[in-house]
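Survey of secondary and tertiary structure
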Amino acid sequence: MQRYRRVFTPIQGGSLGTGDADTLESRLARVLAYHERTKHRVSGYARGPEALDWSGQPDPFRHFDGCARLSLPLLADTLTTPFSALSQPGSVAPQPVSLETIGLLFELSLGLSAWKTYGPDRWAVRCNPSSGNLHPTESYLLCRGIEPLDDGLYHYRCENHSLERRRGSGPAAGLDQPPELLIGLSSIHWREAWKYGERAFRYCQLDLGHAIGALRYAAAALGWQLRVVESADWAQIARRLGLDRRQDFVGVESEEAEVLLEVVTDRRDPTLPDLPIDPATRAGADTWYGTANVLDRHPMYHWPVIDEVAEATRRAGESPRQAAGETFPPLAAKTDPTPAATLIRQRRSAQRFDSGKALARDTFYDLLDTLLPRALPPWDVWRFPARMHLALMVHRVEDLEPGLYILPRAAGAAEALRAALNPSFDWQRPTGCPEHLPLFRLAAGHCGSIAKTIHCHQAIATDSAFALGMLAEYEAALQPAPWLYRELHWEAGLLGQALYLEAEARGLRGTGIGCFFDDSFHELLGLTGRTYQSLYHFTVGYPITDSRIISSAPYAERD
Ligand SMILES: Cc1cc2nc3c(=O)[nH]c(=O)nc-3n(C[C@H](O)[C@H](O)[C@H](O)COP(=O)(O)O)c2cc1C
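Report follows, based on the coordinates. (Residues numbered from 1 in each chain as written. Predicted model: local features only at pLDDT ≥ 70, side-chain atom pairs only at ≥ 80, totals over all residues. Heavy atoms only, no water.)

1. Concerning the sheet that holds strand S14 (residues 403–407)
Within the open sheet, the six strands sit side by side as S15-S14-S13-S16-S18-S17. Their pairing is antiparallel. This sheet does not close on itself; its edge strands, each paired only once, are strand S15 (440–444) and strand S17 (509–513). Strand-to-strand twist in this sheet, taken as the mean axis angle between neighbours without regard to direction, amounts to 25 degrees. Contacts from helix H13 (residues 518–525) reach strand S13 (388–394), S14, S15, strand S16 (466–473) and strand S18 (532–541) within the one sheet, and its direction differs from that of S18 by about 90 degrees. (Pairing = 2+ DSSP bridges. Helix = DSSP H or I, 4+ residues; strand = E, 2+ residues; numbered from the N terminus. Axes fitted to C-alpha atoms, helices over the stretch in contact; angles between N-to-C directions. Contact = heavy atoms within 4.5 Å.)

Given below as structure tokens:
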């Protein structure tokens, strides 16, 4: 296959201008400057391309030329685990590890869920959502002791549900020991930056959080645990995923190392210390295979601030944090038999909402309850207290006054928020709200029109039952560890994934909203300074589906 060298036309977006020093302070300064600079404002959007040539969209599918490819089985229809069982601890028996179950893990998280056609346009959608459907997240499998896979590293190719062998360390070894299974994730910034310019780094991180959530739910449907390997720093992850092998990425878009996730496939205590992950301790004879494909032959822009903020947020080996204590009672058991595999694959972003329909109040409370952090999927994927709180704009919930509400999601968060938000807010407990659900009404009144304005004039924020912004505990989190900028976005993406699936489970639909006027939302809440920043928004309601869009099976060509 002919390989193209990219012709870089450097239409530059400028730099953060915070100097070259690599200290904690300078990293923090870069992160704060990046965030400020990439805010959308009523007076103007963050810097992005002036025009888009849709026919020049980067290839949404990465592959590596020169690798052996192994087709994964497609078995999602056979997995009957109910979605409702995922929130009942111990109720899903762990499946054995095999090519079939590894295939299911990918099929139900990062796999395609349909092809869509509208007129001459055809596009794929996946189990995980993505800003602009641009999908910057790539995934890898690291395994040892799982037959028939050789030990080594594989790239997951979602367009045909296969694994490409990037590194081989010989046939599966150590079969008498528990198998080792890790998933690595990376981001290709250019996929998002092509459309969204400088703000794209944020979207890549939000998408990453969605991908972590998608993997966590799929693992739970198989009875498996999934947890972030907190001892792995950026350089280790890049090395283990082969992303530092420049010779394999010559003249093509690079991939930024993000996270390693350990899949725990038996009932081992998930609070065990993290695995050592030094590849040097693994099998000796390593062979690497393949070179990455080019995604965009004619990139028209370059946004240096994305490289700068990426560098400033690379984790450099700080120690893991303490476990978060559970402070909320268990969720009430549910018996809905709908398989998780069905909900996961039918999940879609609503493009329009039915403004004539209101949500039952108990359903609203029940949905919010599932967003509280508990030792349950997806929240058990890491071990720190929740740092993201929800500010809701309630439009259509039966027997609930429209208005501005807040759901603090961690112990002590309500007091801190009360000190930071507009002092004239009511802080009223809404009627019928379960005692343990820390929901407060801040101000009564219709906020549909302001919700639309704040969300870049998008009607999905006002025609829904409710919209919300995710307020991150921002500056205090970043000061000691600027790399938490990425993790805060992952936490927001994880919340978004929970919202998508929990909405779907209730016959509702959600849509992530990355386009919002940051400081207009802060002003609405009376927030000043950097104590809190809203990182991601979401809207939920009864969808109106567009019957003109035709849907077809994701892997029909393989039948
Ligand atoms: C981080 C993020 C931001 C998004 N922002 C918006 C938005 O501002 N407006 C919108 O209509 N959809 C938004 N979406 C929805 C995506 O457009 C949608 O996920 C994508 O088109 C794929 O469709 P699907 O979710 O049905 O798979 C966002 C999704 C994500 C994950």
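2. Details of the state of the cysteines
Under the defined criterion, the tally for this structure stands at one disulfide. Residue Cys-127 stays outside any disulfide, its sulfur separated by 9.9 Å from that of Cys-158, the closest cysteine. Of the residues examined, Cys-127 reaches a relative accessible area of 1% and is grouped as buried. The thiol of Cys-204 is unpaired, and the distance to the nearest cysteine sulfur, on Cys-158, comes to 15 Å. (Disulfide = S-S within 2.5 Å. Buried < 20%, exposed > 50% of the residue type's maximum accessible area, 1.4 Å probe, protein only.)

3. A few points about the pairing of strand S3 (residues 112–118)
Among the seven residues that make up S3, five are buried, leaving the element largely enclosed by the rest of the structure. Between S3 and strand S4 (residues 121–126), which pair antiparallel in sequence order, lie two residues; one of them, Gly-119, sits at a positive phi of approximately 55 degrees. Bridge count for S3 against strand S19 (residues 550–552) is three bridges, and the pairing is antiparallel. Counterpart to Lys-116 in the pairing with S19 is Ser-551.

4. Some thoughts on the packing of aromatic side chains
Tallying each qualifying case throughout the model produces 16 aromatic pairs. With 6.2 Å between their ring centres and 85 degrees between their planes, Tyr-34 and Tyr-485 make a pair best called edge-to-face. Highlighted residues: Tyr-34 in helix H1 (residues 24–37) and Tyr-485 in helix H12 (residues 484–505), separated in sequence by 451 residues. Take Tyr-34 and Tyr-485: they sit in the same class, and that class is buried. Pairing Tyr-45 with Phe-517 gives two aromatic rings, centres 5.6 Å apart and planes at 50 degrees, and the pair type is tilted. Highlighted residues: Tyr-45 in the loop between H1 and strand S1 (64–65) and Phe-517 in the loop between S17 and H13, separated in sequence by 472 residues. Exposure remark for Phe-517: the relative accessible area of 1% places this residue in the buried category. Following the ring pairs from residue to residue traces out a cluster consisting of Tyr-34, Phe-201 and Tyr-485. Over the face of the ring belonging to Phe-516 we find Arg-199, whose NZ or CZ atom lies 4.9 Å from the ring centre. Between Arg-387 and the ring centre of Phe-384, over which it is positioned, the NZ or CZ distance is 3.7 Å. (Phe/Tyr/Trp six-rings, centres within 6.5 Å; stacked < 30°, edge-to-face > 60°. Lys NZ or Arg CZ within 6 Å of the ring centre and 35° of its normal.)

5. Regarding the pairing of strand S8 (residues 180–187)
The element S8 is extensively covered by neighbouring structure, given that eight of its eight residues are classed as buried. Side-chain alternation along S8 places Glu-180, Leu-182, Gly-184 and Ser-186 on one buried face and Leu-181, Ile-183, Leu-185 and Ser-187 on a second face that is also buried. Two strands pair when backbone bridges link them, and strand S5 (residues 137–144) and S8 are joined in this way by eight bridges, in the antiparallel orientation. Opposite Cys-143, over in S8, you have Leu-181 as the bridge partner. Where S8 lies against strand S10 (residues 256–264), six bridges are found, and the strand directions are antiparallel. When the bridges of S10 are listed, Ser-187 appears paired with Glu-256.

6. Re the site of the ligand
The environment of the ligand is formed by 21 residues, the closest being Arg-347, Arg-348, Ser-349, Gln-458 and Gly-514. Arg-348 has a polar side-chain atom sitting 2.6 Å from an oxygen atom of the ligand. Classifying every residue of the shell around the ligand gives seven nonpolar, 10 polar and four charged. (Near = heavy atom within 4 Å. Polar contact = N/O pair within 3.5 Å; in protein donor to acceptor, adjacent residues only side chain to side chain. Nonpolar A, V, L, I, M, F, W, Y, C, P; charged D, E, K, R; others polar.)

7. A look at the nonpolar core
Judged by nonpolar contacts, the single largest core of 121 residues is most densely connected at Phe-364 and Leu-392. Residue contributions to this core peak at 13 residues, all from helix H4 (residues 200–221). In contact with Leu-392, other than residues within four places in its own chain, are Phe-364, Leu-368, Gly-403, Leu-404, Tyr-405, Ile-406, Leu-407, Leu-439, Phe-466, Ala-467 and Leu-468. Met-393, Trp-427, Leu-471 and Leu-527 belong to the second largest nonpolar core, which has 20 residues in total. (Core = buried A, V, L, I, M, F, W, Y, C linked by side-chain atoms within 4.5 Å.)

8. Some details on unusual backbone geometry
Going from Glu-147 to Pro-148, the amide bond is cis rather than trans, its omega being 5 degrees. Within the secondary structure layout, Pro-148 lies in the loop between S5 and strand S6 (152–157). Residue Pro-378 is reached from Pro-377 by a cis peptide bond, and omega for that bond is 0 degrees. Positionally, Pro-378 belongs in the loop between helix H8 (361–369) and S13. A positive phi angle, close to 50 degrees, is found at Cys-456, a residue other than glycine. Its location among the elements puts Cys-456 in the loop between helix H10 (448–454) and S16. We classify Cys-456 as buried; its relative accessible area is 10%.

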